[in-house]
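Here is what each chain is made of, one letter per residue.
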Number of protein chains: 4
Amino acid sequence: MSLPRGFASDNTSPAHPAVFAALLAVNEGAVPAYGADVWTAKALAWFRSQFGDDTETFLVWNGTGANVLSLRAMTKPFSAIICTEPSHINLDECGAPELLTGCKLIDLPTPDGKITPTMLQLAVRGVGDEHSVQARVVSVAQSTERGTVYTSDELAALCFAAHDLGLLVHVDGARIANAAAALDLPMRALTRDVGVDILSFGAAKNGCMGAEAVVVFNPVLAADMKFLRKQSMQLSSKMRFLAAQILALAEADLWLANARNANAMARRLADGVRGLPGLEITQPVDANAVFVMMPSEIVTELQKTFHFYVWNEKNGEVRWMTNWATAAEDVDEFVAAIRGALS
Amino acid sequence: MSLPRGFASDNTSPAHPAVFAALLAVNEGAVPAYGADVWTAKALAWFRSQFGDDTETFLVWNGTGANVLSLRAMTKPFSAIICTEPSHINLDECGAPELLTGCKLIDLPTPDGKITPTMLQLAVRGVGDEHSVQARVVSVAQSTERGTVYTSDELAALCFAAHDLGLLVHVDGARIANAAAALDLPMRALTRDVGVDILSFGAAKNGCMGAEAVVVFNPVLAADMKFLRKQSMQLSSKMRFLAAQILALAEADLWLANARNANAMARRLADGVRGLPGLEITQPVDANAVFVMMPSEIVTELQKTFHFYVWNEKNGEVRWMTNWATAAEDVDEFVAAIRGALS
Amino acid sequence: MSLPRGFASDNTSPAHPAVFAALLAVNEGAVPAYGADVWTAKALAWFRSQFGDDTETFLVWNGTGANVLSLRAMTKPFSAIICTEPSHINLDECGAPELLTGCKLIDLPTPDGKITPTMLQLAVRGVGDEHSVQARVVSVAQSTERGTVYTSDELAALCFAAHDLGLLVHVDGARIANAAAALDLPMRALTRDVGVDILSFGAAKNGCMGAEAVVVFNPVLAADMKFLRKQSMQLSSKMRFLAAQILALAEADLWLANARNANAMARRLADGVRGLPGLEITQPVDANAVFVMMPSEIVTELQKTFHFYVWNEKNGEVRWMTNWATAAEDVDEFVAAIRGALS
Amino acid sequence: MSLPRGFASDNTSPAHPAVFAALLAVNEGAVPAYGADVWTAKALAWFRSQFGDDTETFLVWNGTGANVLSLRAMTKPFSAIICTEPSHINLDECGAPELLTGCKLIDLPTPDGKITPTMLQLAVRGVGDEHSVQARVVSVAQSTERGTVYTSDELAALCFAAHDLGLLVHVDGARIANAAAALDLPMRALTRDVGVDILSFGAAKNGCMGAEAVVVFNPVLAADMKFLRKQSMQLSSKMRFLAAQILALAEADLWLANARNANAMARRLADGVRGLPGLEITQPVDANAVFVMMPSEIVTELQKTFHFYVWNEKNGEVRWMTNWATAAEDVDEFVAAIRGALS
């Protein structure tokens, strides 16, 4: 019934016990709906403690909602949003960004999931030309969909280039905790402090049941957000239950401990298989993903016991994700199975 | 901090303890994401047991999402959606239906929150005229935003008239349980069996933390739903936690017990104040709402201690909502306070 | 084949001969596309001469395009647009305003096609409430769809009330020339000078083949217009042919002469039938429309020979439109026929 | 003031004298608006004579309108539209396709403006996966934006592959006449007969003032078109003036003569410069465009006297367009100037 040996996605993980404790703690009596409760106030205060006092945060249901809401706040219908080809907003949101914003997505091919300042400069064209959509946002994932992590210098350079081109910067931080853990930096140091304008803060993949947040560093961009959230169907009535999940992550930096475990398990997995004949690790293992090329018959064999996805149907590359709940034994069993299958 | 004496909304209520138990029960190990898990399968099976074997159900985050998703499945961008003036889709969703469907809402004034076949017939015009939006859906709430409940005969007549006009019927069932409890009928008897095409099934107001469902009785309308759900940002990754909430309601008909309590408490409240000088109950108390006119200074006085809303700013009418968690003592204290204030 | 006795619409009229002359005059050689030609520059200069030096004008294809473009420039997707129930944007544009803006239209019933400041104040609600669309524009027609004309005082009062409520004012001026002729005032005196923010300037109904303009008085609202026009599919490649039509209207104030004829013919028609037994004129005949109640068998009889529409299918009210090309003899024949049918 | 030596675009050309004659011929008296007139009936009959008796045609204002309307008729909001990177719908419509359809455009890089069956097959992915947009349309230009022309065999193979993948085929025929002239085939032979579903028929670039048509070969796709046209702001009130332009092109196959001249002038131009040192023709000159690489200082020099565009800002490639009105002397003067500049 369950999938104890799953390396398919960080979404397959259960919720952390602390999340349940937090949910129970807020379940007393009647409180105002739609976020006018004390628990939500505490959760928003935590975001200010992490990202700065004038940060404005909006709790939402899920990552697609957080991304779309961020993009809606940054664009007009004739804007263009620059992103990577494998980005979640481009491939995995069923066109929600286009439908909700009206904008065109300009997707850039990228070997490692990252956008460089030069790539960005080449992608911007037709500025001021009424026939052309007008580039307005660059959206990057941190950590990326390829398991890599931008250094804070890389992000700073990208933000500088973006702002210089008149663009705003959105970070899809479905795995922002993994990036912070990887870089051993406060989340603020790799978002607000390097020039990011809005962050989609991920919680579901990092131990929650279902909760995310849009974290706005540029106050101008927050002005319409409450209306955009409601119109985007992302306003929870019983908001305390979203807030509680955030408070669980906040307590004793559980968000960081969870991310560290996920990252460590990915490294353990990569270390366990690196150099095996017939297997090639195709991306740096910066965070909690391992990308691998190996013979398709081995893939098929392993998938009988372990749950993971073929990332690229064209070349057979596979993706292994670890998460907050992955145990060393899970990894070790998987490594053993891979070694066995390859030998 | 909490609002023990709240009559503001059924959204102010906590979650039922059984919901927590159900959430804990599904929190074991890794399971496939996005609904391909056994708990979701069980929840969908429960909907089939309630509404018929070929019912297709889609779990979503919230009521606005359920309504918009239903309407998207039923319309084209040049369609019109007929509803009541005070309906949630018209007043309380910040234009989400218009944005996501592209459609015009035609809102009908109504004394009691209901639409009659005659009202519907008068509202349809310009059929086949390219200058005019084309009426395609009538959306009604059951129970209504005015606390009234359509009889199954009323709904059958409306569905017949709608289908005769070429319209589909959507029921906003944020409080469908309250309607079923009020009529003492299975939910199926007041939806599918009378001709309803799609139901927004409400769970959050009836004891859950945050979960709703789109229940499709007309299989043709389900064909695109999975794409529409994802594109509408209503697909949960860790779906088991939505499913668990539904399973809690299903167990031993908790949904019905919760609704019965809410309705009984509204009747108790209405009975406690009916006939008081200076106070007028303005709507039949069919479900879990009591609408009242009374002097504005009394309203102001009561609001110092009790949480409830002025429904109509123009005439001062107020709304008192009860919910699954409302206790008889809560009502009795409120009644005593009202009596005291009025005397 | 043609309809020499048509009172159906000002759209049934041919183009004025001067329009053809102007079109021929611009048909020399190659000129830059999309409006970067001298004829377009001259047309825009004429608008500045009429409405003020900092007026920004955008030529478009048709009235629906002009209205939608105006509304797009004034709104965000969660805005509401207040209009009259019988307004063109509400009834006759097949939902284009909703689809292109995402907004809700709030349509007010009105006896004479006009909105008063009090009606406007009552229509604005839920300000700042995230659940509610946010009223942002009031759109009025001048002359109205009911053939009435706002006095400049009425419009000034409405604009004052609108701005006081934080709303912008759009005028659907498909028949702005008729209103100016009726009031014997420059067009500026009934638009910009009384506080209007954007005008849809009508040309097609007033003697052109197909051309309209969006005239922006509030420069802030013009900033995105070129992109909005292109994205709204309203940018003509061979713009000189739209410009030529405007230049024809401008020459020797043809626009005014055309409108005066249309208005005079409506008055002649009204005067010719006023007081006839069995016939009631239901609206003031301020501009070029006459609304009449008369027995349905008479309507049917007259429609065998004359082309006109039943305006209101519920009560049988009919509408007679005159236009720039309506001749006194056309009217006199029609009057004689009506008199004959009624006697 | 005018640009007698323009090679910038076919949109810079004047209207053909026959168009004026046709416009005058329809300018008699009142006729029903919105297309219910005899001239429109004649124009639609001409399309049936060209494309088959059950063809349904909808006259519209412009090419962007025709393309967007076609795409709206073929898609749902979660569909994807496959096109080439340099296609008009991708680069030159300011995001109108995305805004009006809600769809994602998947743009394929292409050396010669064409899509092959293999390219198409590789572009389709995620079929049935709710996270992914669902490919539904392939849109190709004929002749292409690179001046090339698909053979009818190439188009037949592409249509076969598309239908096999469950896709519909749209042809952006802004220059369909040039393609038919180039192939010396009836327009039907390169559209309907090879499997195309909807054609955007171009008239403005081929001698008209402003008129295009959506020509539907698959009757199912025409069902909603009249509503889509009106809602897309592409319904002309005085439709006879669009119809007249089509009738002018139809008369004695003026459409073909015009296209042949444009194509011949492009060949004359290419022949005149081919092989010159420092100049490279980069695309086959199939229709009425010549793409050339030459030193940027020569480009700058020539642009002082002749109007044409740099097509690719990155590599300096320029585009020369000819049109129905281009004269041999215009070409010869240009060739002489180029030769002079290069020597």
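Not measured: the values here are computed from a predicted model.

Rules and cut-offs
- Residues numbered from 1 in each chain as written.
- Chains lettered and ligands numbered in written order.
- Predicted model: local features only at pLDDT ≥ 70, side-chain atom pairs only at ≥ 80, totals over all residues.
- Heavy atoms only, no water.
- Helix = DSSP H or I, 4+ residues; strand = E, 2+ residues; numbered from the N terminus.
- Rg over C-alpha atoms; globule rule 2.2 N^0.38 Å.
- Buried < 20%, exposed > 50% of the residue type's maximum accessible area, 1.4 Å probe, protein only.
- Contact = heavy atoms within 4.5 Å.
- Buried area = accessible area lost by both parts, 1.4 Å probe.
- Salt bridge = Lys/Arg side-chain N within 4 Å of Asp/Glu carboxyl O.
- Polar contact = N/O pair within 3.5 Å; in protein donor to acceptor, adjacent residues only side chain to side chain.
- Nonpolar A, V, L, I, M, F, W, Y, C, P; charged D, E, K, R; others polar.
- Expected span 1.5 Å × (residues − 1).
- Arc of directions from axis to C-beta.
- Least-squares fit on C-alpha atoms with pLDDT ≥ 70 in both.
- Pairing = 2+ DSSP bridges.
- Right-handed = clockwise from strand over helix to strand, strands pointing away.
- Domains from an automatic or database assignment.
- Axes fitted to C-alpha atoms, helices over the stretch in contact; angles between N-to-C directions.
- pLDDT = per-residue confidence, 0-100.
- Parallel < 35°, antiparallel > 145°, perpendicular 65-115°, else oblique.
- Left-handed = near helix turned anticlockwise from the far one by under 90°.
- Phe/Tyr/Trp six-rings, centres within 6.5 Å; stacked < 30°, edge-to-face > 60°.
- Lys NZ or Arg CZ within 6 Å of the ring centre and 35° of its normal.

*Asks:* How do you make sense of the overall build of chain A when you look at a structure like this?
*Replies:* A count of helical and extended segments in chain A gives 13 helices and 11 strands. For 343 residues, the compact-globule estimate of 2.2 N^0.38 gives 20 Å, and the C-alpha radius of gyration of chain A, at 20 Å, lies within 12% of that figure. When burial is assessed residue by residue, chain A has 64% of its 343 residues classed as buried. Once local pairs closer than 6 in sequence are excluded, the contacts in chain A between residues at least 24 apart make up 76%.

*Asks:* Would you take a moment to explain the interface of chain B and chain A for this structure?
*Replies:* Residue-level contacts link 54 residues of chain B with 53 residues of chain A. When residues of chain B are sorted by the area they lose upon contact with chain A, B:M209, B:M233 and B:K238 head the list and together hold 16% of the total. The tally of links between chain B and chain A comes to zero salt bridges. Our enumeration of links across chain B and chain A arrives at 34 residue pairs in polar contact (both at pLDDT 80 or more). Considering every element that reaches the side of chain B that touches chain A, the biggest residue donor is helix α3 (residues 63-74) of chain B, with four residues. By residue class, the composition of the side of chain B that touches chain A is 28 nonpolar, 18 polar and eight charged.

*Asks:* Quick question: what am I supposed to make of helix α7 (residues 152-164) of chain D here?
*Replies:* Each α-helix winds once per 3.6 residues, and so residues spaced three or four apart point in a common direction. All names here are of chain D. In this model, α7 (13 residues) spans 18 Å end to end at C-alpha, consistent with the 18 Å of a helix rising 1.5 Å per residue. Within α7 the residues assigned to the buried category are L155, L158, C159, A161 and A162. Buried residues along α7 cover an arc of 165 degrees about the axis, so they all sit on one side. Those residues of α7 that are exposed and angled more than 90 degrees off the buried face are D153, F160 and D164.

*Asks:* I would appreciate a short explanation of the relation of the copies chain B and chain A in the present structure.
*Replies:* These two copies of the chain differ by a rotation about an axis and a displacement along the same axis. Expressed as a screw transformation, the operator carrying chain B onto chain A has a rotation angle of 180 degrees and an axial translation of 0.0 Å, and the superposed copies differ by an RMSD of 0.0 Å. The transformation relating the two chain copies, once decomposed into turn and shift, fits a two-fold axis. The residues that chain B uses at the interface reappear at the interface of chain A in 98% of cases, marking a shared surface.

*Asks:* Teacher, can you tell me more about the interface of chain A and chain C here?
*Replies:* A common way to report how large an interface is uses the accessible area buried once the components associate. Residue-level contacts link 20 residues of chain A with 20 residues of chain C. Buried surface at the junction of chain A and chain C, summed over both partners, amounts to about 1700 Å²; 57% is from carbon and sulfur atoms. The largest share of the area that chain A buries against chain C comes from A:F78, A:E130 and A:F227, three residues that together contribute 39% of it. Applying the counting criterion to the chain A and chain C interface returns four salt bridges. Residues A:R229 and C:E130 are paired through a salt bridge, measuring 3.8 Å at the closest nitrogen-oxygen approach. Run the count over chain A and chain C and you get six residue pairs in polar contact (both at pLDDT 80 or more). For the side of chain A that touches chain C, the residue count by class is six nonpolar, six polar and eight charged.

*Asks:* I tried to follow the pairing of strand β4 (residues 134-141) of chain A on my own but got confused; where do I start?
*Replies:* On a regular strand, one side chain projects to one face of the sheet and the next to the other, so that they alternate. Residues and elements named next belong to chain A. Buried residues dominate β4, accounting for seven of its eight residues. The pairing of strand β2 (residues 79-84) with β4 spans four bridges and is parallel. Residue pairing for β4: I81 is matched across the bridge by V137. Of the strand pairs in this sheet, β4 and strand β5 (residues 168-173) are connected by five bridges, and their pairing is parallel. Each residue of the ladder has a partner; that of V137, found in β5, is L168. As a crossover connection, the stretch from β4 through helix α7 (residues 152-164) into β5 is right-handed.

*Asks:* Would you explain the domain arrangement of chain A in this entry?
*Replies:* Residues and elements named next belong to chain A. One can read the domain layout of chain A as domain 1 (17-252) and domain 2 (254-342). Centre-to-centre, using C-alpha coordinates, domain 1 lies 27 Å away from domain 2. If you look at the interface, domain 1 gives 29 residues, while domain 2 gives 21 residues. Together, the buried faces of domain 1 and domain 2 total about 1900 Å²; carbon and sulfur atoms form 53% of this surface. In this assembly, domain 1 and domain 2 are joined by two salt bridges.

*Asks:* Explanation requested: the sheet that holds strand β2 (residues 79-84) of chain D in the structure shown.
*Replies:* Two modes of strand pairing occur in sheets, parallel and antiparallel, and in both the strands are linked by backbone hydrogen bonds. Residue and element names in this part refer to chain D. In spatial order, the strands read β1-β7-β6-β5-β4-β2-β3; together these seven strands make up an open sheet with mixed pairing. In this open sheet, the two edge strands, each paired with only one partner strand, are β1 (56-60) and β3 (104-108). Between one strand axis and the next, the sheet turns by 20 degrees as a mean value, whatever way the strands run. Most of the contacts of helix α10 (residues 240-250) go to β1, to which it runs at about 115 degrees, and overall it touches β1 and β6 (198-202).

*Asks:* Sorry if this is basic, but what is going on with the relation of the copies chain A and chain C here?
*Replies:* In the superposition of chain A on chain C (RMSD 0.0 Å, axial shift 0.0 Å), the rotation amounts to 180 degrees. Both copies share a contact surface, since 100% of the interface residues of chain A are interface residues in chain C too.

*Asks:* How do you make sense of the pairing of β6(D) when you look at a structure like this?
*Replies:* All names here are of chain D. Among the five residues that make up β6, five are buried, leaving the element largely enclosed by the rest of the structure. In β6, alternate side chains face the same way, and those of I198, S200 and G202 on one face and L199 and F201 on the other are all buried. The pairing of strand β5 (residues 168-173) with β6 spans four bridges and is parallel. What sits directly across from G173, in β6, is F201. In the classification by handedness, the crossover that spans β5, the intervening helix α8 (residues 176-183) and the parallel β6 is right-handed. Examined bridge by bridge, β6 and strand β7 (residues 212-216) share five bridges and lie antiparallel to one another. Within β7, the position partnered with L199 by the bridge is V215.

*Asks:* Help me out: how do you make sense of the sheet that holds strand β5 (residues 168-173) of chain B in this one?
*Replies:* All names here are of chain B. Here we have seven strands laid out as an open sheet, ordered β1-β7-β6-β5-β4-β2-β3, and mixed in their pairing. Across the chains shown, the open sheet's two edge strands, defined by having one partner strand only, are β1 (56-60) and β3 (104-108). Direction aside, neighbouring strands of the sheet carry axes that sit 20 degrees apart on average. As judged from the five bridges shared by strand β2 (residues 79-84) and β3, these two strands associate in the parallel manner. Looking at the pairing, T84 lines up with L108 of β3.

*Asks:* Help me understand the confidence of the model for chain A, please; the structure alone is not making it clear to me.
*Replies:* Low-pLDDT portions of the prediction should not be read for the details of their coordinates. With 99% of its residues at a pLDDT of 70 or more, chain A shows a mean pLDDT of 96. With a pTM of 0.97, the predicted complex shows an ipTM of 0.97.

*Asks:* Hey, could you run me through the packing of helix α10 (residues 240-250) of chain A against helix α11 (residues 254-273) of chain A in this one?
*Replies:* Packed helices, taken two at a time, are described by the angle between their axes plus the distance between the axes. Residue and element names in this part refer to chain A. Relative to each other, α10 and α11 sit at 70 degrees, their axes nearing to 5 Å. As far as their axial angle goes, α11 and α10 are roughly perpendicular. Contacts between α10 and α11 pair A248, L249 and A250 from the former with L254, W255 and N258 from the latter. By residue class, the composition of the contact of α10 with α11 is five nonpolar, one polar and no charged.

*Asks:* Teacher, can you tell me more about α8(D) here?
*Replies:* All names here are of chain D. Buried residues dominate α8, accounting for six of its eight residues. Those residues of α8 that sit buried are I176, A177, N178, A179, A180 and A181. The inward-facing, buried residues of α8 abut β5, β6 and α11 (254-273). Looking one or two residues beyond α8, the residue adopting positive phi is D184, at roughly 55 degrees.

*Asks:* What exactly am I supposed to notice about the packing of helix α1 (residues 17-25) of chain A against α10(A) here?
*Replies:* Residue and element names in this part refer to chain A. Put simply, α1 and α10 touch, their axes get as near as 8 Å, and they point 135 degrees apart. The orientation of α1 with respect to α10, classified from their angle, is oblique. For α1 against α10, the interelement crossing comes out right-handed. Residues A18, V19, A22 and L23 of α1 pack against F241, A244, Q245 and A248 of α10. Looking at the contact of α1 with α10 residue by residue, the class counts come to seven nonpolar, one polar and no charged.

*Asks:* Sorry, what's going on with the packing of aromatic side chains here?
*Replies:* Both the distance between ring centres and the angle between the ring planes are used here to describe each pair of aromatic rings. All names here are of chain A. Under the criterion given, the structure shown has 51 aromatic pairs over all chains. Taking the centre distance of 4.7 Å and the plane angle of 40 degrees together, the rings of F306 and F334 count as tilted. Taken together, the residues F306 in the loop between α12 (296-303) and β10 (309-310) and F334 in helix α13 (residues 328-342) connect sequence positions 28 residues apart. Aromatic ring contacts, followed pair by pair, group F7, F306, F308, W320 and F334 into a single cluster. When the ring centre of F291 is taken as reference, the NZ or CZ atom of R146 above it lies at 4.6 Å.

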